[in-house]
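A closer look at the structure
So you can see what is in the structure, the chains are spelled out below.
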Amino acid sequence: MGLAEAALQGDRRAMARLLSWVENGSLEGQQALATLFPHTGKAHIIGITGSPGAGKSTLLNQLAREFRDRDGQVAIVAVDPSSPFTGGALLGDRLRMRDLVTDPHIFIRSMASRGHPGGVAHATRDVVTVLDALGFPLILVETVGAGQAQVEVARVVHTVVLVEAPGMGDEIQALKAGLMEIADIIVVNKADRPEAKQTVKSLQSLRTSLPAGHHGFGTGISVEEAPVVPVGWEVPILQTIALENEGVFELTNAIKQHYDYLKNSGRWDLLLRQHAEAEVEAWLQRHFQQLLNQKIGDTGYKALVDAVVRHEIDPAKAAAQLLEAVTRPVSKA
Amino acid sequence: MERKIRVLIAKPGLDGHDRGAKVVARALRDAGMEVIYTGLRQTPAMVAEAALQEDVNVVGLSILSGAHMGLVPRVIEEMNRRGMEDLPLFVGGIIPVDDIEPLKEMGVREVFGPGTDTSVVVEFIRREIGSV
Ligand SMILES: Nc1nc2c(ncn2[C@@H]2O[C@H](COP(=O)(O)OP(=O)(O)O)[C@@H](O)[C@H]2O)c(=O)[nH]1
Ligand SMILES: [Mg+2]
């Protein structure tokens with residue numbers, strides 16, 4: 001029996017090994033993904049994103065317990081950045097999830113962002129695909145809030161929960177505005193802090209300044225292609241005290257409401273199309289990269305870039321040459 | 001295709017100091033490994049379950065409480081119960097010299113005392129895992 005089959009039958013060690021295969025981008029992993037793909041498409045995938053220290057992991061710990069009671073099984077994927085210098089990573093989200101560790105209905109996997117081919121969103125997608133195929137009805141994905149990576153979560157999940165903590169300062173408002181465009185639900189955690197009210201207020205005013213119905217359209221489909229959907233979803237701003245499990249039940253309700261909204265409004269199908277496009281594109285890139293490595297290799301590639309640097313060839317022509325080399329039929333020999 | 005050495009650093013037992021465990025965790029990260037750190041007061045079942053879910057290549061236990069002769073066999077038992085008999089295990093902390101051999105007989109691959117240079121731990125793991 002293959003690993004995928006063993007995992008499908010509930011072997012947790014096989015599940016964990018399968019996730020490694022997929023995360024490593026190995027050939028076995030690619031084959032397993034193909035085997036598992038027909039089993040996917042059932043899970044509700046929820047992204048929990050926000051600045052480091054906002055309380056995402058603590059909140060996840062509570063959310064997962066709540067959802068476990070409601071939906072039976074929950075998987076958590078916690079993504080943390082790799083060091084760009086050493087490639088290593090310290091994955092500490094489990095620190096806040098000790099309640100869940102030995103729960104047989106919960107599976108937690110920590111993941112480093114690495115230099116994944118196709119980007120971290122693509123690698124996360126593969127891991128989530130496995131968990132979806134294995135029958136987890138809810139998959140919670142924690143990502144650290146920084147720039148592009150954050151926006152890319154939207155390519156992987158159905159519902160984006162943005163977690164803020166009070167007192168982060170007004171200077172990052174502009175940044176927040178960018179994040180708010182992808183948020184479906186906003187949470188001000190650490191509501192036990194007196195500054196929480198102020199944070200809620202400033203988020204409320206930011207929310208009203210956003211173009212209506214804009215959120216969630218960060219990827220894939222252009223506005224022209226998008227069917228005209230009634231806005232229909234007002235991004236709620238909730239308050240939680242994750243440490244004391246306060247407001248968490250309300251958050252699970254909001255997440256369920258968002259799911260219902262997606263299903264009833266037709267947004268769900270639109271999202272699936274966006275995700276599918278992003279995935280096909282990512283695989284196309286990967287295949288192309290592999291071909292490039294096989295047919296030209298690193299040195300050949302660098303030589304061409306060097307030639308562009310020396311102004312011996314223009315960049316468009318260099319790219320055309322690469323494309324030609326990749327698509328050239330196998331030579332006479 | 002990219003592979004990384006994945007390490008679980010865990011603190012079973014009741015002692016409340018994790019300075020040493022954190023120093024090792026950071027050193028391993030700086031050596032390019034992915035380190036899953038689980039924090040204080042882990043039960044043997046929690047350690048084994050985290051090792052399983054994270055599919056780590058090696059597990060390091062930090063024990064300062066003096067309870068290592070009781071804790072280590074229980075961690076090993078929980079790991080075996082989950083089919084992880086072959087997973088390399090090392091122990092760091094305050095371990096009397098006389099306990100080192102018995103620990104190794106239980107299946108611990110290496111024991112590191114308080115003053116151990118972190119580079120020694122890095123080397124040990126690289127040797128133990130081979131080239132992942
Ligand atoms: N006062 C307060 N502290 C919290 C709350 N939730 C989390 N924290 C603390 O915030 C810190 C960061 O939490 P963590 O969950 O690791 O944040 P993450 O980096 O966003 O995952 C920890 O020390 C938590 O104990 C809360 O509701 N109130
Ligand atoms: Mg976290």
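Residues numbered from 1 in each chain as written. Chains lettered and ligands numbered in written order. Predicted model: local features only at pLDDT ≥ 70, side-chain atom pairs only at ≥ 80, totals over all residues. Heavy atoms only, no water.

1. Details of the interface of chain A and chain B
Opposite the 31 residues of chain A that make contact, chain B presents 31 residues. At the boundary of chain A with chain B, total buried surface from both sides reaches about 2700 Å², with 48% on carbon and sulfur atoms. Taken together, the links from chain A to chain B amount to six salt bridges. The closest approach of N and O atoms between Glu 23 of chain A and Arg 6 of chain B, which form a salt bridge, is 3.9 Å. Along the contact surface separating chain A from chain B lie 19 residue pairs in polar contact (both at pLDDT 80 or more). Looking at the side of chain A that touches chain B residue by residue, the classes come out as 11 nonpolar, 12 polar and eight charged. Looking at chain direction, strand β3 (residues 89-91) of chain A and strand β2 (residues 34-37) of chain B are connected through three bridges and run parallel. Its bridge partner being in β2 of chain B, Leu 90 of chain A is matched across the sheet by Val 35 of chain B. (Contact = heavy atoms within 4.5 Å. Buried area = accessible area lost by both parts, 1.4 Å probe. Salt bridge = Lys/Arg side-chain N within 4 Å of Asp/Glu carboxyl O. Polar contact = N/O pair within 3.5 Å; in protein donor to acceptor, adjacent residues only side chain to side chain. Nonpolar A, V, L, I, M, F, W, Y, C, P; charged D, E, K, R; others polar. Pairing = 2+ DSSP bridges. Helix = DSSP H or I, 4+ residues; strand = E, 2+ residues; numbered from the N terminus.)

2. A few points about the nonpolar core
Counting 66 residues, the largest nonpolar core has Val 77, Leu 131 and Ile 139 of chain A together with Leu 8, Val 59 and Leu 61 of chain B as the members making the most contacts within it. The element best represented in this core is helix α5 (residues 120-133) of chain A, accounting for eight residues. Residue contributions to this core reach at least three from each of two domains, namely domain 1 (1-28) and domain 2 (40-267) of chain A. Excluding residues within four positions of it along the chain, Leu 131 of chain A makes contact with Leu 19, Ala 75, Val 77, Phe 107, Phe 136 and Ile 139 of chain A. Listed in part, the 44 residues of the second largest apolar core include Met 180, Ala 183, Leu 206 and Tyr 261 of chain A. (Core = buried A, V, L, I, M, F, W, Y, C linked by side-chain atoms within 4.5 Å. Buried < 20%, exposed > 50% of the residue type's maximum accessible area, 1.4 Å probe, protein only. Domains from an automatic or database assignment.)

3. A short note on the environment of Ala 303 of chain A
Secondary-structure assignment places Ala 303 of chain A in helix α11 (residues 297-309). Along the primary structure Ala 303 of chain A and Ile 237 of chain A are separated by 66 residues, whereas in three dimensions their C-alpha atoms are 53 Å apart.

4. Brief notes about the domain arrangement of chain A
Where interface size is given, it is often the accessible area lost as the parts come together that is meant. Residue and element names in this part refer to chain A. Each domain of chain A was delimited in the assignment, giving domain 1 (1-28) and domain 2 (40-267). Across the domain 1 to domain 2 interface the summed buried area is about 1200 Å²; carbon plus sulfur atoms make up 63%. It is Arg 12, Leu 19 and Glu 23 in domain 1 that bury the most area against domain 2; as a group they hold 55% of the surface buried on that side. In this structure, Arg 109 and Glu 23 form a salt bridge, with 3.9 Å as the shortest nitrogen-oxygen distance. Across the domain 1-domain 2 interface, the total number found is five residue pairs in polar contact (both at pLDDT 80 or more). Sorting the residues of the side of domain 1 that touches domain 2 by element identifies α1 (3-8) and α2 (12-23) as the ones contributing at least two each. Residue contributions to the side of domain 1 that touches domain 2 peak at eight residues, all from α2. Considering only residue class, the side of domain 1 that touches domain 2 consists of seven nonpolar, two polar and two charged.

5. Here we look at the pairing of strand β7 (residues 185-188) of chain A
Residue and element names in this part refer to chain A. A two-sided burial pattern is seen for β7, the buried positions comprising Ile 185 and Val 187 on one face and Ile 186 and Val 188 on the other. Relative to β7, strand β6 (residues 159-164) runs parallel, the two sharing four bridges. Bridging across to β7, Val 163 finds its partner in Val 187. Bridge count between β7 and strand β8 (residues 237-239): three bridges; the pairing is parallel. If you follow Val 187 over to β8, its bridge partner there is Leu 238.

6. A closer look at the coordination of the magnesium ion (ligand 2)
Residues and elements named next belong to chain A. Bound to the magnesium ion (ligand 2) on the protein side are Ser 57 (OG), Asp 93 (OD) and Glu 142 (OE), at distances that span 2.1 to 2.2 Å. Mapped onto the sequence, the donors of the magnesium ion (ligand 2) take the spacing S-x35-D-x48-E. With Ser 57 in helix α4 (residues 56-71) and Glu 142 in strand β5 (residues 138-144), this residue pair connects regions lying 85 residues apart in the sequence. Taking the relative accessible area as the measure of exposure, Ser 57 reaches 6% and is therefore buried. For Glu 142, a relative accessible area of 3% puts it in the buried group. (Donors = N, O, S within 2.8 Å, 3.2 Å for Na, K, Ca; no water.)

7. A closer look at the sheet that holds strand β5 (residues 110-112) of chain B
Taken in spatial order, the six strands line up as β3(A)-β2(B)-β1(B)-β3(B)-β4(B)-β5(B) in an open sheet, and their pairing is parallel. Single-partner strands in this sheet number two, and they are β3 of chain A together with β5 of chain B. Each adjacent strand pair in this sheet contributes to an overall mean axis angle of 20 degrees, direction not counted. Bridging between strand β1 (residues 6-10) of chain B and strand β3 (residues 58-63) of chain B involves four bridges; their strand directions are parallel. For Ile 9 of chain B, the partnering residue across the bridge sits in β3 of chain B and is Gly 60 of chain B. This element, helix α3 (residues 68-81) of chain B, spans β3 and β4 (89-93) of chain B of the sheet and lies at about 155 degrees to β3 of chain B. (Axes fitted to C-alpha atoms, helices over the stretch in contact; angles between N-to-C directions.)

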